[in-house]
Amino acid sequence: MSFYLTALTAVSNTAFTFDKLFSYRVPPELCESVKVGCRVLVPFGKGNKYRTAMIFELNRSDMPSDTDRLKIITSQIDYEPVLSEELLQLAIYLKSNTFCTYYEAVKAMLPPGMNIKISEQIALNTEFSDVSSLNTSESEIYRLLSQCKNSEIPSLAEKILNDGKASVISSLIKKNALSASTSFKSAVGDNTVKMIRLSEKYVSSPSDFKLTPKQKIAASLLSECGSASVKELAYMCGVTDTVVKRLAANGAAEEYECEILRNVEVNTGVSRCTDDIVLSDEQQSAFNSVAEVLQKNVPACFLLHGVTGSGKTSVFEKLIDYTVKHGKQALLLIPEISLTPQILKRFRGLFGEKVAVIHSSLSLGQRLDEYKRIKRGDADIVVGTRSAIFAPLDNIGIIIMDEEGEHSYKSDSAPRYNTVDVAKQRCRKHLAVLLLASATPTIESYYNAGRGIYKLIEMKNRYHAGPMPQVEIVDMNIERSEGNATEFSRRLVEEITLNLEKGEQTILLLNRRGYHTIISCCDCYQPIYCPNCTVPMTFHKTNGKLMCHYCGYTSDMLTVCPKCGSERLKKMGFGTQKLEEELSVFFPTARILRMDADTTFSRYAYEKSFADFENGKYDIMIGTQMISKGLDFPNVTLVGVMSVDKALFAGDFRSYERTFSLITQVVGRGGRGQKQGRAVLQTFMPDNYVMELAARQDYNEFYNQEIAIRRAMIFPPICDMCIIGLSGSSDELTKSAADETVHIISEKVNEHKPDSPLRVLGPVKCAYGKINGKYRYRIILKCKNTPEIRELISTVVKTCANEKEFTKISIYADMNGDIGV
């Protein structure tokens with residue numbers, strides 16, 4: 001070989017403080033097969049522990065001295081690139097903009113089924129005799145291993161490695177006293193079936209083989225069809241599997257494995273054609289505006305603001321059809337897994353197997369195989385939740401984000417990205433159109449549309465000119481004063497009764513699961529908190545347990561207050577379980593469906609439950625926010641909003657926006673067929689302007705009120721906001737680290753003097769100061785998201801993380817952060 005090859009790689013499990021692209025030498029046997037975008041196995045760190053790495057760049061050198069000091073790639077995992085050049089560049093963007101490591105960005109793009117489990121086996125080299133060359137530490141470990149049975153050596157070596165003596169083990173391997181072998185295995189293997197075909201020898205000279213009559217029948221069928229599965233061939237010929245296998249054993253045929261992709265089962269219903277979709281004038285105008293830009297092959301961003309029931313999905317279908325017919329690919333993002341069955345049913349009914357789906361409720365094997373379908377070009381349309389933004393499409397024409405304002409489009413773990421930002425990057429690369437759509441766009445999106453950054457499209461009327469639901473606000477203070485202590489206003493009971501009599505369906509929203517939301521002591525007035533979190537435990541009647549909805553801690557129902565020892569405990573608050581029980585008392589003949597995280601564990605729970613509701617098997621559906629958006633049930637004419645007052649005071653500057661969106665969206669589930677919709681909004685704050693504007697479905701007025709507040713308080717979109725979060729098992733140490741971080745920010749600002757202004761708020765304890773045993777503090781930075789500011793924040797995080805006294809404190813930065821909990 002006349003050249004030497006080096007690889008720049010992103011290595012897994014590196015810390016943010018020292019993460020970079022690491023150089024490795026490619027061994028001669030891999031030089032021809034290794035490619036950019038492939039994963040490899042590399043030794044890393046002082047102990048040379050094996051880790052997965054992604055190749056970002058390959059470089060040739062004519063001089064061996066340039067590569068002599070580099071560690072060598074151990075083995076190759078992928079023989080074809082699993083990430084394209086575009087996605088590798090996107091990983092670099094995520095590294096720069098979201099303060100993650102390179103490999104965290106890579107991992108977010110690959111299906112979990114591709115994760116690699118590495119096994120390293122250490123054994124004694126029986127031919128080693130130069131014991132005198134070992135130093136004291138090496139001799140001690142070598143002698144210890146020599147006294148063990150061969151089967152005990154790997155586990156003991158692993159214990160020694162974990163005790164911080166990896167360098168000694170590494171030195172013993174270099175001196176050939178020990179040998180090391182490495183293997184890896186994917187989290188999910190390929191789904192294969194055993195196939196059989198005639199061998200070349202038999203095809204060229206069948207007379208050389210003596211076959212039994214039954215084998216001749218099998219061989220004759222194989223000569224006609226070419227190949228078949230072993231079981232299929234046995235069935236078609238009326239013989240046993242043994243006959244078929246003996247055909248292979250004597251050389252007349254050969255067996256091989258054939259990959260069979262795991263399908264995502266979808267009830268597509270009646271097949272449809274896009275020509276059957278008739279658009280209204282408003283829909284046609286929206287379609288024309290976007291299609292005109294699609295023809296030009298230039299990147300652009302549209303905001304489609306359409307009232308609930310205006311038919312935005314029909315516009316999506318037409319635009320996706322237009323995109324695919326012009327030889328490009330389409331990506332449709334939805335915020336909730338619960339919306340997937342209805343959306344997928346519509347799109348599979350229109351486009352068949354061209355549609356792939358990606359979301360976390362699929363099995364690891366299904367997600368892996370959907371990824372393969374997309375990468376092979378078998379699917380031109382991808383439907384999915386947030387992670388689908390990384391689908392390996394290579395010719396994107398349009399990306400559509402439905403309900404673009406939903407919080408689920410923001411990742412809460414590294415890489416902490418906003419899907420909108422990633423979508424913009426992909427559209428720039430592919431010269432594609434980004435269509436953001438919602439009845440309640442984010443304040444940021446509507447602000448950008450007002451400034452001309454986005455092109456605004458309005459759809460102000462419901463499809464077929466149907467009226468918006470009639471919303472009635474019920475003051476629960478009056479209900480209480482007049483003796484109604486239940487969670488149901490008299491007005492809501494009347495409306496539900498009327499719906500049951502007419503055979504129409506009802507949706508009730510209560511955004512709290514469980515039975516009782518608080519168990520409080522009547523003597524010390526303290527709720528029962530989770531021992532791992534500063535969060536009150538919720539009582540679940542189904543299993544009779546107290547549960548924490550943040551860390552998952554579960555305990556039996558307590559009879560004594562943990563703080564004062566009192567036995568006077570009172571159950572307060574109500575969740576969806578109690579709502580279901582009380583509904584059964586009020587309406588004993590009603591068929592009730594509860595939809596929350598406790599009833600949707602199974603993979604197909606959403607699809608089955610929503611299908612049953614659509615088919616009229618239930619009269620009333622109650623649930624949390626998963627039922628508030630995107631669903632389309634023509635027979636739903638009544639929506640009840642049980643209680644959303646608490647959401648107004650969630651401690652986040654976006655709390656009013658989220659409450660308005662939640663009410664508007666769930667009210668919009670009613671009256672989507674030919675019948676008039678009604679809604680009852682129960683509240684203890686009837687005069688709050690958010691309630692009034694949500695009842696009127698008046699987004700424009702809400703936007704005007706909200707943007708005025710944000711201008712006065714300097715909140716996004718007037719500025720950008722970064723959250724620096726710190727967590728640790730010691731409250732005092734975490735607080736000290738937060739204080740030190742603010743000090744470091746001050747030092748770095750004085751040192752670098754950034755051009756754009758920076759305001760620092762905090763540190764303060766988070767609304768829930770302790771989650772899962774970790775105390776939590778945050779610092780809020782009001783700033784402009786510029787490369788200069790990001791570099792400053794990155795330096796601050798690395799400096800604080802490298803402080804010796806804070807090694808046990810976790811610190812992160814989030815440019816898309818919400819104040820939240």
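This text goes with the structure placed above it.
First, a word on what this report is: a plain description of the structure on this page. (Residues numbered from 1 in each chain as written. Predicted model: local features only at pLDDT ≥ 70, side-chain atom pairs only at ≥ 80, totals over all residues. Heavy atoms only, no water.)

Here we look at the overall build of the chain
Along the chain, the regular secondary structure elements total 24 helices and 32 strands. Against the globule reference of 28 Å for 821 residues, the chain gives a C-alpha radius of gyration of 31 Å, in line with a compact fold. A principal-axis box enclosing the C-alpha atoms of the chain has dimensions of 95 × 75 × 65 Å. The buried share of the chain, taken over its 821 residues, is 52%. When contacts within the chain are restricted to residue pairs at least 6 apart in sequence, long-range pairs at least 24 apart make up 76% of them. When the accessible surface of the chain is summed, it comes to about 37500 Å², and 49% of that surface belongs to carbon and sulfur atoms. A gap of 3 Å separates the mean positions of the 100 positive and 97 negative side-chain charges of the chain. (Helix = DSSP H or I, 4+ residues; strand = E, 2+ residues; numbered from the N terminus. Rg over C-alpha atoms; globule rule 2.2 N^0.38 Å. Buried < 20%, exposed > 50% of the residue type's maximum accessible area, 1.4 Å probe, protein only. Contact = heavy atoms within 4.5 Å. Areas by Shrake-Rupley, 256 points an atom, 1.4 Å probe, with all protein chains shown as cover. Lys, Arg positive; Asp, Glu negative; His and termini not counted. Charge placed at Lys NZ, Arg CZ, Asp CG, Glu CD.)

A short note on the sheet that holds strand β8 (residues 192-198)
Pairing within the open sheet is antiparallel, and its three strands lie in the order β9-β8-β10. Each end of this open sheet is capped by a strand with a single partner; those strands are β9 (227-229) and β10 (253-259). Ignoring which end each strand starts from, the neighbouring axes of this sheet average 35 degrees apart. With three bridges connecting them, β8 and β9 associate as antiparallel partners. Paired with Met195 across the two strands is Ser229, which belongs to β9. (Pairing = 2+ DSSP bridges. Axes fitted to C-alpha atoms, helices over the stretch in contact; angles between N-to-C directions.)

As for the pattern of salt bridges
Between side chains of opposite charge, a pair can form when the charged atoms approach closely. Within the structure shown, the criterion is met by 37 salt bridges. Where Asp596 meets Arg594, a salt bridge forms, and the shortest distance between an N and an O atom there is 2.9 Å. The pair formed by Asp596 and Arg594 is uniform in burial state, with each residue classed as buried. Here the salt bridges do not stand alone but share partners, grouping Glu444, Arg654, Glu657, Glu706 and Arg710 into one network. (Salt bridge = Lys/Arg side-chain N within 4 Å of Asp/Glu carboxyl O.)

What to know about the packing of aromatic side chains
According to the stated counting rule, one finds 18 aromatic pairs in the structure shown. Residues Tyr550 and Tyr768 carry aromatic rings whose centres are separated by 5.1 Å and whose planes lie at 80 degrees to one another, so their mutual orientation is edge-to-face. Within this pair, whereas Tyr550 is found in the loop between β22 (545-547) and β23 (554-556), its partner Tyr768 is found in strand β30 (residues 759-771), the two being separated by 218 residues in sequence. Here Tyr550 falls in the partly exposed class, since its relative accessible area comes to 41%. Centre to centre, the rings of Tyr699 and Tyr703 are 6.5 Å apart; their planes meet at 25 degrees, and the pair counts as stacked. A residue pair is termed a helical-turn pair when its members lie 3 or 4 positions apart in one helix, as Tyr699 and Tyr703 do in helix α22 (residues 699-713) at four residues. For the pair Tyr699 and Tyr703, a shared accessibility class is recorded, and that class is buried. In textbook terms, an aromatic cluster arises when at least three aromatic residues are bridged by ring pairs, as seen for Tyr446, Phe660, Tyr699, Phe702 and Tyr703. (Phe/Tyr/Trp six-rings, centres within 6.5 Å; stacked < 30°, edge-to-face > 60°.)

A few points about the sheet that holds strand β11 (residues 300-306)
On the basis of which strands lie adjacent, the open sheet formed by seven strands has the order β13-β14-β12-β15-β16-β11-β17 and parallel pairing. Only two strands of the sheet have a single partner each, and these edge strands are β13 (355-358) and β17 (455-459). Taken pair by pair, the neighbouring strands of this sheet meet at an average axis angle of 15 degrees, ignoring direction. One ladder, built from five bridges, connects β11 with β17; its direction is parallel. Bridge pairing links His305 to Glu458 in β17. Relative to strand β15 (residues 396-402), helix α11 (residues 312-325) is tilted by about 170 degrees, and along the sheet it contacts β11, β12 (329-333), β14 (381-384), β15, β16 (433-438) and β17.

A few points about the environment of Glu317
Summarising the element assignment, Glu317 is placed in helix α11. Accessibility expressed as a relative area gives 0% for Glu317, which makes it buried. For the pair Glu317 and Leu332, spaced 15 residues apart in sequence, the C-alpha separation works out to 9.8 Å.

Quick notes on the packing of α11 against helix α12 (residues 340-351)
Two elements in contact, α11 and α12, have axes separated by 12 Å at closest approach and are oriented at 35 degrees. Note on packing geometry: the crossing formed by α11 with α12 is right-handed. Contact residues: α11 offers Thr313, Ser314, Phe316, Glu317, Ile320 and Asp321, while α12 offers Ile343, Arg346, Phe347, Leu350 and Phe351. Taken together, the residues of the contact of α11 with α12 sort by class into six nonpolar, two polar and three charged. (Left-handed = near helix turned anticlockwise from the far one by under 90°. Nonpolar A, V, L, I, M, F, W, Y, C, P; charged D, E, K, R; others polar.)

Topic: the pairing of strand β28 (residues 678-683)
For a regular strand, side-chain orientation follows a simple rule: the groups alternate between the two sheet faces. Counting buried residues in β28 gives six out of six residues, a clear majority hidden from the surface. Note: strand β18 (residues 470-475) against β28, six bridges, orientation parallel. The residue of β28 that forms the bridge with Val471 is Ala679. As defined by bridge partners, strand β27 (residues 636-643) adjoins β28 across four bridges and the pair is classed as parallel. Along β28, the bridge assignment pairs Leu638 with Arg678.

Details of the pairing of strand β2 (residues 22-25)
Burial along β2 is one-sided: the face carrying Phe22 and Tyr24 is buried and the face carrying Ser23 and Arg25 is not. Sheet analysis places strand β1 (residues 4-11) next to β2, joined by four bridges and oriented antiparallel. Along β2, the bridge assignment pairs Leu8 with Ser23.

Structural notes on the layout of surface pockets
Rolled over the atoms, a probe sized like a water molecule indicates the empty space that remains. Counted as a void, the second largest pocket has a volume near 1100 Å³. Forming the boundary of the second largest pocket are 42 residues, of which Thr313, Ser314, Arg346, Asp632 and Arg672 lie nearest the centre. Of all elements in the fold, only α11 and α12 reach the threshold of two or more residues within the lining of the second largest pocket. Sort the elements by how many residues they give to the lining of the second largest pocket and α12 lands first, with five residues. When its residues are assigned to classes, the lining of the second largest pocket shows nine nonpolar, 20 polar and 13 charged. (1 Å grid on protein atoms, 1.4 Å probe; cavity = no way out; pocket = protein on both sides within 12 Å on 5 of 7 lines; lining within 4 Å. Points joined across faces, edges and corners; volume = space filled by probe spheres on them.)

Focus on helix α24 (residues 787-801)
If you check α24, its first and last C-alpha atoms are 21 Å apart, about what 15 residues at 1.5 Å a residue would give, namely 21 Å. When α24 is considered as a whole, its buried residues turn out to be Ile789, Arg790, Leu792, Ile793, Ser794, Val796, Val797 and Cys800. (Expected span 1.5 Å × (residues − 1).)

Remarks on the packing of helix α10 (residues 281-296) against α11
Two quantities define a packed helix pair, namely the angle between the axes and the distance from one axis to the other. Between α10 and α11, the least distance of the axes is 10 Å, while the angle of their chain directions is 30 degrees. Between α10 and α11, the angle falls in the class roughly parallel. Pair α10 / α11 crosses with right-handed handedness. The residues of α11 that touch α10, namely those facing Gln283, Ala286, Phe287, Val290, Ala291, Leu294 and Gln295, are Ser314, Val315, Lys318, Leu319, Tyr322 and Thr323. A class-by-class count of the residues in the contact of α10 with α11 yields eight nonpolar, four polar and one charged. (Parallel < 35°, antiparallel > 145°, perpendicular 65-115°, else oblique.)

Structural notes on unusual backbone geometry
Between Ala414 and Pro415 the backbone carries a cis peptide bond, its omega angle lying at -5 degrees. With respect to the helices and strands, the residue Pro415 is situated in the loop between β15 and α14 (419-430). Of note, the bond from Pro716 into Pro717 is cis; its omega dihedral lies within 30 degrees of zero at 10 degrees. Along the polypeptide, Pro717 turns up in the loop between α22 and β29 (720-728). Of note, Phe99 is a non-glycine position whose phi angle comes to about 60 degrees, a positive value. Topologically, Phe99 is positioned in the loop between α1 (85-98) and α2 (102-109). Phi is positive for Tyr525, close to 60 degrees, though the residue is something other than glycine. One can find Tyr525 in the loop between β20 (518-521) and β21 (538-540).

Regarding helix α15 (residues 443-450)
The element α15 is extensively covered by neighbouring structure, given that seven of its eight residues are classed as buried. When α15 is considered as a whole, its buried residues turn out to be Ile443, Glu444, Ser445, Tyr446, Tyr447, Asn448 and Ala449. In this structure, the buried side of α15 is in contact with β11, β16, β17, α20 (655-667) and α22. Residue Gly452 follows α15 closely and has a positive phi angle near 85 degrees.

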